[in-house]
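Topology and contacts: notes
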Amino acid sequence: MQALWMLLGAAFFATMGVCVKFGSEHFNSAELVFYRGVVGIVFLAVIAKQKKVSLRTDYPGAHLWRSTIGVLSLSAWFYAIAHLPLATAMTLNYMSGVWVAAFLVGGSLINWNGQDNRSAWSQGPLALSVLAGFAGVVMMLRPTLEQNQIFAGLIGLMSGFAAAFAYMQVMALGRLGEPETRTVFYFAIGTLIAGAIGMGFAGVSAWNWAHAIWLLPVGVFASLGQLCMTRAYSKGATLVVANLQYSGIVFAALYSLLLFGDDIPLIGWMGMALIVASGMTATLLRARAAPNAPAEEH
């Protein structure tokens, strides 16, 4: 059942990407972030009440930092979805797992000294998986992006980088004893505030109910995806469950082909496959350093 919950969560996140893609034709990224926050707050408040989880926290600063980084990642991801093929934007965001592995390798090298029993090459396999992930990025971006999409590609890559920081902050909040429902609730508040500020600069689109129909499912599918991932991890983060999150890229690729007719050459698909393989390998190897870690949010 854990595996099925993870597959369902990945499908929900990919479907959210579809709604963002359609919604971005009528609303700017700040508006999409804002309405995702509005729906998320309502949805999570109901969940917290049902679970009898208090939304009061003793760590407002930690939640503020997590929300700030998370909103940066989310905003960058929504921008990438609007300007790139859905499969490409989704894959760049899922690079967060590779970025986390890169942080672990860097931290290990910085803290290593010759008096330890560990070899300086102990993180070699993890480092190779990181390099493979970045090779996949090069393979995927160069042949699939037009010149006017290079900036969006860099923004998409930044979304994965920021998501890795947000994920590590979620781990820190978990160690402090903060329930994930509370953590995600404060993140939803952050998206609402950041979206409102962004709308002050980017403007507000003309309201049309036929177009606004895409706003509600963005928040609903995102909340359902997070809920399914939380359920999948409820009995411990097994490696099978952790790796199944990459099925979101497969769902996004199918949507890209069936709904949007995106033309991605063979080398681009090979790059995606390499990123998935490197991410799964990194998950396997980093499990030794961070056992029972929470789900990565997308």
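These lines cover the structure that appears in this document, whether it is placed above or below. Source: prediction; values computed, not measured. (Residues numbered from 1 in each chain as written. Predicted model: local features only at pLDDT ≥ 70, side-chain atom pairs only at ≥ 80, totals over all residues. Heavy atoms only, no water.)

Moving on to the overall build of the protein. When helices and strands are tallied, the protein shows 13 helices and zero strands. Reading the helices (α) and strands (β) of the protein from amino to carboxyl end gives α-α-α-α-α-α-α-α-α-α-α-α-α. Within the protein, buried positions represent 51% of all 298 residues. Across the protein, every contact between residues at least 6 apart in sequence was considered, and the portion connecting residues at least 24 apart equals 90%. Carbon and sulfur atoms provide 68% of the accessible area of the protein, an area that totals close to 13800 Å². (Helix = DSSP H or I, 4+ residues; strand = E, 2+ residues; numbered from the N terminus. Buried < 20%, exposed > 50% of the residue type's maximum accessible area, 1.4 Å probe, protein only. Contact = heavy atoms within 4.5 Å. Areas by Shrake-Rupley, 256 points an atom, 1.4 Å probe, with all protein chains shown as cover.)

With that settled, consider the packing of aromatic side chains. By the definition in use, this model includes 12 aromatic pairs. Relative to Trp214, the ring of Phe22 lies with its centre 4.7 Å away and its plane at 20°, an arrangement referred to as stacked. Of this pair, Phe22 sits in helix 1 (residues 2–23) while Trp214 sits in the loop between helix 9 (209–212) and helix 10 (215–232); the two residues are 192 residues apart in sequence, bridging distant segments of the chain. An aromatic cluster of three or more residues is present, and its members are Phe27, Phe34, Tyr35, Trp207 and Trp209. Over the face of the ring belonging to Phe187 we find Arg66, whose NZ or CZ atom lies 4.3 Å from the ring centre. (Phe/Tyr/Trp six-rings, centres within 6.5 Å; stacked < 30°, edge-to-face > 60°. Lys NZ or Arg CZ within 6 Å of the ring centre and 35° of its normal.)

Before going further, it helps to spend a moment on the environment of Trp5. Positionally, Trp5 belongs in helix 1. Dropping the residues within four chain positions of it, Trp5 is found in contact with Cys228, Arg231 and Ala232.

With that out of the way, let us pick up the pattern of salt bridges. Applying the stated criterion across every chain yields a total of two salt bridges. Here Asp58 ties to Arg56 by a salt bridge, and the two come within 3.1 Å at their closest N and O atoms. (Salt bridge = Lys/Arg side-chain N within 4 Å of Asp/Glu carboxyl O.)

This brings us to helix 2 (residues 29–51). In a regular helix each residue adds 1.5 Å, so 23 residues correspond to 33 Å; helix 2 covers 32 Å between its end C-alpha atoms and thus fits that length. At the C-terminal side of helix 2, Lys52 shows a positive phi close to 60°. (Expected span 1.5 Å × (residues − 1).)

The phi torsion at Lys52 lies on the positive side, around 60°, for a residue other than glycine. Counting through the fold element by element, Lys52 comes out in the loop between helix 2 and helix 3 (60–83). Using a relative accessible area of 77% as the deciding quantity, one classes Lys52 as exposed.

So, about a nonpolar patch on the surface. Taken together, the side chains of Val250, Leu254, Leu257, Leu258 and Leu259 make up a nonpolar region of the molecular surface, amounting to roughly 500 Å² of accessible area. Along the chain, the position of Leu254 falls in helix 12 (residues 247–260). By relative accessible area, which is 44% here, Leu254 ends up partly exposed. (Patch = residues over 30% accessible without salt bridge, like charges linked within 9 Å, V, L, I, M, F, W, Y side chains within 5 Å.)

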